[in-house]
Amino acid sequence: MKRYFLLIVCVLLCSCSLLADKRAYTVDCIWGQGTYNSFTSLIKYKGKFYCAFREGRGHVFDENGKAEGKIRILRSANGKKRTSVAFFGQEGMDFRDPKLSVTPDGRLSVSIGVSVYVNKQLKAQIPHVCFSDDGINYTQPQKCVVEGGENHKTDWIWRTTWYNGTGYAANYYSTQQGERHICLMETRDAITYREVAELQIPDFPNEATIRFLPGGEMAMMVRRDGGDCMGYWGIARAPFTQWEWKKMPFRLGGPDFLVLDDKRIIASSRCHHIDAACTTSLYMGDVQTARFSQRLVLPSGGDTSYCGMIVEGDELWVSYYSGHASHWRSIYLAKIPLNFFNW
């Protein structure tokens, strides 16, 4: 009963936040058809907007105990009306965490984490990727190559960010002996990934987003699920092998961030302040000090977050998923004026 009470309180607080700032931003449900939709990514490609996410019957398993999530991609000319242009997966595999990026040769890339379960036991995690030249027609998903990964039991390349013709991503993996690691990887084609550096982050680091600062430094935000579970914020200069890490003041879930200038970043994450009723929250952060303050709680609750973020004109667009409005999980798009994030 206490957990349900906390969930109701959290939803009411989110509603109050929306009402208090209704002139400042808008939120629309862009997909929700009686399925479990989650793990979003958002990008603008050749003048159109694309939102990718996992669609299934449950967070992992369906009512028959199978994990067979599929990837859906929506396309929009203006962020209002949208159409589904792709829906794909494979029997016996759970496609999830699609991440959109544009490769140096101008193709839309969809990196995907693919899991294989047998009797609800995880047997493998294999990164996949597919491509499109027009945002409508996509190649068949193919396995990525992780060089030096012969001893890996699982690999999870969570998001690729391109800079000066090279893609960078964090790969968190487990070895055949059960050891867990996280490494910085690089790629030239979004298919083959080579290790740049092993990252010395304790306590089960996993989901990580990489962006570049105006001076060319690489910044990384990393989720941790062990110890005190607080997120890590790191900065490194080329060749990105020496890192300075600082602990963040809150726990992360589905982290993303954008660099506004040489001082400010906007970050998004699942907020764990109330464990029984998590929310999707936006934060203002200082690039150098890793000091963050919660700026906005989006209408959300329960299983939620995994944002996609882009700047469009003078607005921040944020895609995310949430189940605050029904038993199922729906996809939402928030549009927030950038001046909302002034110091």
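Residues numbered from 1 in each chain as written. Predicted model: local features only at pLDDT ≥ 70, side-chain atom pairs only at ≥ 80, totals over all residues. Heavy atoms only, no water.

## Some thoughts on the confidence of the model for the protein chain
Note the threshold: Each residue gets a pLDDT score, which is the predictor's confidence in that residue and runs from 0 to 100. In what follows, residue pairs with any heavy atoms lying within 4.5 Å of each other are defined as contacts.
When pLDDT is averaged along the protein chain, the result is 91, and 92% of the positions lie at 70 or above. Per-residue pLDDT stays below 50 along residues 1-20; that stretch engages in 21 contacts with residues further than four places along the chain or on separate chains.

## Overview of unusual backbone geometry
The test is simple: The way it works is that DSSP assigns letters per residue, a run of H or I at least four long becomes a helix, a run of E at least two long becomes a strand, and they are numbered from the N terminus.
The residue after alanine 238, namely proline 239, is reached through a cis peptide bond having omega 10°. Even without a glycine there, the phi angle at aspartate 97 is positive, about 50°. Tracing the backbone through its elements, the reader meets aspartate 97 in strand β6 (residues 94-102). Unusually for a residue other than glycine, aspartate 203 sits at a positive phi of about 65°. Inspection of the secondary structure assignment puts aspartate 203 in the loop between β15 (192-198) and β16 (205-212).

## A look at the sheet that holds strand β24 (residues 305-312)
Each strand in a sheet pairs with its neighbour through backbone hydrogen bonds, running either in the same direction (parallel) or in the opposite one (antiparallel). Our working rule: Between any two strands, at least two bridges found by DSSP are needed for them to pair. A fitted line through C-alpha atoms represents every axis, and for helices the fit uses only the stretch in contact; the resulting angles, taken between N-to-C directions, go from 0 to 180 degrees.
Ordered in space as β1-β26-β25-β24, the four strands form an open sheet in which the pairing is antiparallel. Unpaired on one side and paired on the other, β1 (26-31) and β24 mark the two borders of the sheet. When strand polarity is set aside, the average angle formed by the axes of neighbouring strands in this sheet is 20°. Bridging between β1 and strand β26 (residues 330-337) involves five bridges; their strand directions are antiparallel. Bridging across to β26, valine 27 finds its partner in alanine 334.

## Examining the side chain of arginine 96
Going by this rule: Any pair of nitrogen or oxygen atoms within 3.5 Å is treated as a polar contact; in protein, a donor-acceptor pairing is required on top of that, and neighbouring residues in sequence qualify only through side-chain atoms on both sides.
Tracing the backbone shows arginine 96 in strand β6. In terms of polar contacts, arginine 96 uses its side chain to reach the backbone carbonyl oxygen of histidine 59, at 3.0 Å.

## Observations regarding the packing of aromatic side chains
Formally: To pair, rings of Phe, Tyr and Trp, with the six-membered ring standing in for Trp, must have centres within 6.5 Å; the planes then decide the type, stacked if under 30 degrees apart, edge-to-face if over 60, and tilted in the middle. Relative accessibility thresholds used throughout: buried, under 20% of the residue-type maximum; exposed, over 50%; partly exposed, between the two (1.4 Å probe, protein chains only).
Under the definition given, this model contains 22 aromatic pairs. Each ring, one from tryptophan 31 and one from phenylalanine 53, has its centre 6.4 Å from the other, and the planes form 50°; the classification is tilted. In this pair, tryptophan 31 sits in strand β1 while phenylalanine 53 sits in strand β3 (residues 48-56), placing the two residues 22 residues apart along the sequence. What makes tryptophan 31 buried here is its relative accessible area of 13%. When the centroid spacing of 5.9 Å and the interplanar angle of 70° are considered together, the rings of phenylalanine 212 and phenylalanine 240 count as edge-to-face. Remark: phenylalanine 240 occurs in the loop between β18 (230-236) and β19 (244-251) and phenylalanine 212 occurs in strand β16; sequence separation between them is 28 residues.

## Thoughts on the nonpolar core
Note on soluble globular proteins: their nonpolar side chains tend to be buried together. For clarity, the threshold we go by: By convention a nonpolar core is built from buried Ala, Val, Leu, Ile, Met, Phe, Trp, Tyr and Cys residues, the set being connected through side-chain atoms within 4.5 Å.
Counting 35 residues, the largest nonpolar core has Leu184, Met218 and Met220 as the members making the most contacts within it. Apart from residues lying up to four places away in sequence, methionine 218 is in contact with Tyr168, Leu184, Ile210, Arg211, Phe212, Gly234, Ile235, Ala236, Phe240 and Trp243. Ile43, Phe88, Leu100 and Cys130 belong to the second largest nonpolar core, which has 20 residues in total.

## Observations regarding the environment of histidine 327
Locating histidine 327 in the fold gives a position in the loop between β25 (315-322) and β26. Under the relative-accessibility criterion, histidine 327 is labelled exposed at 64%. Placed 171 residues apart in sequence, histidine 327 and tryptophan 156 show a C-alpha to C-alpha distance of 29 Å.

## Examining empty space enclosed by the protein
Operational definition: Detection works on a 1 Å grid of protein atoms alone, calling trapped sets that fit a 1.4 Å probe cavities and calling open sets with protein on both sides within 12 Å along at least five of seven lines pockets, with lining residues defined by an atom within 4 Å of a point. Grid points are joined across faces, edges and corners, and a volume is the space filled by probe spheres set on the points. Residues were grouped as follows: Ala, Val, Leu, Ile, Met, Phe, Trp, Tyr, Cys and Pro as nonpolar; Asp, Glu, Lys and Arg as charged; and all remaining residues, including Gly, as polar.
Using the criterion set out here, one finds two cavities of 30 Å³ or more in the structure. If you add up the space inside the largest cavity, you get close to 80 Å³. Elements with a contribution of two residues or more to the lining of the largest cavity: β3 and β4 (70-76). Split by residue class, the lining of the largest cavity holds eight nonpolar, two polar and two charged. Its boundaries defined by the atoms lining it, the second largest cavity holds a volume of some 40 Å³.

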